[in-house]
Amino acid sequence: MSMLYYKFFFRYLALLALKNQNVRKTTEQMAVRRGGDPFLLFENEKISFDEFNRASNRRANLFMAMGVQKGEAVAVMMENRPEILTTLVGLAKLGAVTGAINTNLSGQALAHSLNISGATRLIVGAECLERLVDLLPNLERIRPQNVLLDTRWPATVPVPAGLQDLNGMLTGASEANPPPVAIGTFDPLMLIYTSGTTGLPKASRITHYRWYGAGIAFGQYCWEITGRDIIYCALPLYHSNGALIAFASALVNGVPLAISRRFRASKFWEEVTQFQATAFIY
C-alpha cells in the first residue's frame, strides 16, 4: 500500500482518539510528557507544561473549595495573559464551563453577555474592572461577593466593596491534580460569544470534543505543527481563533504558545522575533 494510504489511515485513528479526550486529560498528559519544556511565553515569562498544569490545579482546587460544580457556568473576563488559560483549564478540570466574555464589551451588551451565561460567579482581571463597576449592582445573577478579582495589572478605578482578592486566595491552594471528575468528551467546555455587531451577543456552546478536534485539525492538518514549532497568538483568547485554534493546537500537539496582551501592528514582528515564532494565528 502507498505511503499516502498510511498517512490518511493514521490520521483517521487520530480522529477516533477524540472520543476519549478532554482538556483536563490533555493538560495532565502533557505535564508528564513535556514536563519542564516551555509551554506559555508571555512578555518576559516562560511557563513550562508542568508549571502550567500546577497553576491550573491551584485554581481548580480553590474553585472546588468554593463550591464550583460540574456543569456550572463561570464568567471569565480578562485580557490575554497566562491567567486566562489557567483559569479556563482550572474550571475545565472540575467539569465547569467558562463563559468567555469579550473584554471590549460595555453597557447593555456586556450585561447581556453575563446574564445569558447563567453564571453566578465572575472572574475578572482588574484591567477590565472599569467596564463592570456600574453594571455590578444590576446584574441578574452575579453578586459582588461572587466576583473574584485577578490583579496582575492594577485597576484603573476604585475597587467596589465586597469583591474577593483571587491572587490572595490562591496563595495556599494545592498544586496537586484535583480529585477525578467524570468529564465526557461532549460535555461543554466554554461559551464563546458572537461580536454583537448585528444585535446583542449570542453564546455558542463549545465542547471538549470541538476544542480537541480544533487542535488536531488546525495544528496537525493545516499548520502541520512539529516539535520545533512555536505558535504566536495576538488575537483575544476569549475568541474561538485564540481559544480553539491557537491554544488547542499548542497544547494538543505539545508545542509552545506565545501570547501577546493584544494585537499591535508596531509590535507584531518584534514579538514574533522575540518569541522565535514559526507560526501565527491572525
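A short tour of the structure in this document, coming up. It should be emphasised that the depicted structure is a prediction, and the values quoted were computed from it without experimental measurement.

Focus: the sheet that holds strand β9 (residues 203-207)
Point 1. The seven strands are arranged β7-β6-β5-β3-β4-β8-β9 in an open sheet whose pairing can be described as mixed. This sheet does not close on itself; its edge strands, each paired only once, are β7 (164-165) and β9.
Point 2. The pairing of strand β3 (residues 73-77) with strand β4 (residues 97-100) spans four bridges and is parallel. Residue pairing across strands places Val74 opposite Thr98, the latter belonging to β4.
Point 3. Docked against the sheet, helix α4 (residues 82-93) engages β3, β4, β5 (122-125), β6 (147-150) and β8 (188-193), running at close to 175° with respect to β3.

What to know about the packing of aromatic side chains
Point 1. Using the criterion set out here, one finds 14 aromatic pairs in the structure.
Point 2. With a centroid separation of 6.4 Å and an interplanar angle of 45°, the aromatic rings of Phe39 and Phe247 are classed as tilted. Placement of the pair is Phe39 in strand β1 (residues 38-42) and Phe247 in helix α8 (residues 240-253), with a sequence separation of 208 residues. The exposure classification of Phe39 matches that of Phe247, with both residues buried.
Point 3. Taken together, Phe39, Phe49, Phe52, Trp211, Tyr212 and Phe247 form an aromatic cluster joined through their ring pairs.
Point 4. Note that Arg152 overlies the ring of Trp153, its terminal NZ or CZ placed 5.9 Å from the centroid.
Point 5. The ring of Trp153 is capped by Arg261, whose NZ or CZ atom sits 3.7 Å from the centre of that ring.

A few points about the nonpolar core
In summary, soluble globular proteins display a tendency toward joint burial of nonpolar side chains.
Point 1. Counting 56 residues, the largest nonpolar core has Phe39, Trp211, Phe247 and Leu257 as its most contacted members.
Point 2. Broken down by element, the residue count for this core peaks at nine residues, all from α8.
Point 3. By size, the runner-up hydrophobic cluster in this structure holds 26 residues, among which are Ala73, Met77, Leu139 and Val147.

Some words on the sheet that holds strand β10 (residues 231-233)
Point 1. Taken together, five strands build an open sheet; the order of strands is β2-β1-β11-β10-β12 and the sheet is mixed. If you trace the sheet from one side to the other, it starts and ends with β2 (45-48) and β12 (279-281), each paired once. Strand-to-strand twist of the sheet, defined as the mean angle between neighbouring strand axes without regard to direction, takes the value 20°.
Point 2. Bridge count between β10 and β12: three bridges; the pairing is parallel. Of the residues in β12, the one forming a bridge with Ile231 is Ala279.

Description of helix α5 (residues 107-116)
Each full turn of the α-helix corresponds to 3.6 residues, which orients residues three or four apart in the same direction.
Point 1. When we look at burial in α5, the residues that qualify are Ala109, Leu110, Ala111, Ser113, Leu114 and Asn115.
Point 2. Just downstream of α5 lies Gly118, where phi reads positive at about 80°.

Remarks on the state of the cysteines
Point 1. Scanning the model with the defined rule gives zero disulfides in all.
Point 2. Unpaired in terms of disulfides, Cys128 finds its nearest cysteine sulfur in Cys233, a separation of 16 Å.

A look at the layout of surface pockets
Point 1. The calculated volume of the largest pocket comes to roughly 270 Å³.
Point 2. As for the largest pocket, its lining consists of 14 residues, of which Ala55, Arg58, Arg59, Glu83 and Thr86 are closest to the centre.
Point 3. If you list the elements that add at least two residues to the lining of the largest pocket, you get β2, α3 (49-65), α4 and α6 (166-170).
Point 4. Each residue belonging to the lining of the largest pocket can be placed in one class, and the counts come to four nonpolar, two polar and eight charged.
Point 5. Lining the second largest pocket are 16 residues, and of these Glu79, Thr103, Asn104, Arg261 and Arg262 sit closest to its centre.
Point 6. Tallied by class, the residues present in the lining of the second largest pocket amount to six nonpolar, four polar and six charged.

Some thoughts on the pattern of salt bridges
Point 1. Taken as a whole, this structure holds 19 salt bridges when the rule is applied.
Point 2. The shortest N-O distance in the salt bridge between Arg264 and Glu271 comes to 3.2 Å.
Point 3. Linked through salt bridges whose partners overlap, the residues forming this network are Glu45, Arg59, Arg81, Glu83, Glu127, Asp150 and Arg152.

Here is what the cut-offs are and how they apply
Residues numbered from 1 in each chain as written. Predicted model: local features only at pLDDT ≥ 70, side-chain atom pairs only at ≥ 80, totals over all residues. Heavy atoms only, no water. Pairing = 2+ DSSP bridges. Helix = DSSP H or I, 4+ residues; strand = E, 2+ residues; numbered from the N terminus. Contact = heavy atoms within 4.5 Å. Axes fitted to C-alpha atoms, helices over the stretch in contact; angles between N-to-C directions. Phe/Tyr/Trp six-rings, centres within 6.5 Å; stacked < 30°, edge-to-face > 60°. Buried < 20%, exposed > 50% of the residue type's maximum accessible area, 1.4 Å probe, protein only. Lys NZ or Arg CZ within 6 Å of the ring centre and 35° of its normal. Core = buried A, V, L, I, M, F, W, Y, C linked by side-chain atoms within 4.5 Å. Disulfide = S-S within 2.5 Å. 1 Å grid on protein atoms, 1.4 Å probe; cavity = no way out; pocket = protein on both sides within 12 Å on 5 of 7 lines; lining within 4 Å. Points joined across faces, edges and corners; volume = space filled by probe spheres on them. Nonpolar A, V, L, I, M, F, W, Y, C, P; charged D, E, K, R; others polar. Salt bridge = Lys/Arg side-chain N within 4 Å of Asp/Glu carboxyl O.

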